Amino acid sequence: MKQKIAEFSFLHVFAILLVVLGHAFYQTNSLIVDWLYQFHVPLFFFVSGYLFHVSVNGKPLQPHIFLSRKAVRLLLPYFALSTLLFVPKVLLSQFMVRPIQANWREYVLMLIYPYRNVNGSYWFLPTLFLLFVFAAALLSLSQRLKPRSPRISPCILLFLLALAN
């Protein structure tokens, strides 16, 4: 089992490198970059999810502790960096492709909808947090139903993700 985890850890590092390479050459017109964009982020999310599953397998999950740690690691940087970049974006808005106004509505919408963020590359932080919320909810439900049901179907997770979309 440790060998398999080591192989997945290597795959996780490989996926991180693919994400970095994909983003480093984003504007490049290349078949290789186009090919990388077909799977590099989903591979990273998949491997992260698998390693998460292995790390909590058999241990009772405390969702409130787990999600508060994930919020600090994912949402705090998202809010801090977005807020930090909001002011310069407003000040230079007249030169931007998508100008924004200096008001609370624009600020809140920027934080809620990742595609409206002042830096579009931050989309993965709230997305990954939302996936962890679904995973924690599903694991918590699975642990509560364990005596009745050996496993909750992955179809339920897919259904929840489709609803979130």
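Here the structure is shown first, and the text comes after it.
Residue indices follow the written sequence of each chain, beginning from 1 at its first position. Per-residue local features of the predicted model are confined to residues with pLDDT of at least 70, and side-chain atom pairs are confined, for both listing and counting, to 80 or more; whole-chain, interface and lining totals are unaffected and use all residues. With hydrogens and water set aside, each side-chain value is computed from the structure's full complement of heavy atoms.

Enquirer: Run through the overall build of the protein chain, naming residues and quoting values.
Expert: Helix and strand content of the protein chain: seven helices and zero strands. The rule is simple: take the accessible area with a 1.4 Å probe, protein chains only, and divide by the maximum for that residue type; under 20% is buried, over 50% is exposed, in between is partly exposed. Within the protein chain, the proportion of its 165 residues that are buried is 32%. Looking at the protein chain alone, contacts between residues at least 24 apart form 62% of all its contacts between residues at least 6 apart. Carbon and sulfur atoms make up 69% of the accessible area of the protein chain, which totals about 11700 Å². Secondary structure follows DSSP: runs of H or I at least 4 residues long count as helices, runs of E at least 2 residues long count as strands, and numbering of each begins at the N terminus. In this description, contact between two residues means that some pair of their heavy atoms is separated by no more than 4.5 Å. Accessible areas in this description were obtained via Shrake-Rupley with a 1.4 Å probe; residue shielding takes into account the shown protein chains only.

Enquirer: Hey, could you go over the packing of aromatic side chains for me, with residue numbers and the actual values?
Expert: Here a ring pair, both rings aromatic, is described through the centre-centre distance and the interplanar angle of the planes. Any two rings among Phe, Tyr and Trp, with Trp reduced to its six-membered ring, count as a pair given centres within 6.5 Å; such a pair is stacked if its planes are under 30 degrees apart, edge-to-face if over 60, and tilted if neither. By the definition in use, this model includes six aromatic pairs. Ring centres 5.4 Å apart and planes at 75° place the aromatic pair Phe-86 and Tyr-107 in the edge-to-face group. Separated by 21 residues along the polypeptide, Phe-86 in helix α4 (residues 63-91) and Tyr-107 in helix α5 (residues 104-112) bring together distant segments of the chain. Comparing Phe-86 with Tyr-107 shows no difference in burial state: the two are buried. Each ring, one from Trp-123 and one from Phe-124, has its centre 6.3 Å from the other, and the planes form 80°; the classification is edge-to-face.

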